[in-house]
Amino acid sequence: MNDSIIKKATEEYSTPFYLYDKQCIINQIVKLKGVLFENAHIFYSMKSNPLIEIIKTFVGMGFGIEVASKGELVKALE
């Protein structure tokens, strides 16, 4: 993510806010998968960040979802 994207987001939204770089997340997932054994089952803890686009990214990369409540389960199944 470059500075111009961050500056534009700062101007458009009031701060503080969270700004995620999807490609950076995907790159880190690829690195993680590259150091684990082939049949490893990886789970994303929804409690760490329940944003639907983050969840979709992890699921799309082959992760399972770990939930700790009925609400998280309902959201994960969506």
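Report on the accompanying structure. As the structure is a computational prediction, the values presented were derived from the model and not from experiment.

Structural notes on the pattern of salt bridges
Right, so step 1: Overall, the coordinates contain three salt bridges when judged by the stated rule.
Right, so step 2: Two residues, K7 and E11, come together in a salt bridge whose shortest N-O distance is 3.9 Å. Of this pair, K7 and E11 both sit in helix 1 (residues 3–12), separated by four residues, roughly a single helical turn.
Right, so step 3: Residue E11 is classed as exposed on the basis of its relative accessible area of 59%.

Quick look at the nonpolar core
Right, so step 1: Counting residues in each nonpolar core, the largest one holds nine residues, listed as I25, I29, I42, Y44, M46, I54, I55, F58 and F63.
Right, so step 2: Looking at this core, the elements with two or more residues in it are helix 2 (22–35) and helix 3 (52–60).
Right, so step 3: Considering every element that reaches this core, the biggest residue donor is helix 3, with three residues.
Right, so step 4: Those residues in contact with I29, other than ones at most four positions away along the chain, are T57, F58, M61 and F63.

What counts and how
- Residues numbered from 1 in each chain as written.
- Predicted model: local features only at pLDDT ≥ 70, side-chain atom pairs only at ≥ 80, totals over all residues.
- Heavy atoms only, no water.
- Salt bridge = Lys/Arg side-chain N within 4 Å of Asp/Glu carboxyl O.
- Helix = DSSP H or I, 4+ residues; strand = E, 2+ residues; numbered from the N terminus.
- Buried < 20%, exposed > 50% of the residue type's maximum accessible area, 1.4 Å probe, protein only.
- Core = buried A, V, L, I, M, F, W, Y, C linked by side-chain atoms within 4.5 Å.
- Contact = heavy atoms within 4.5 Å.

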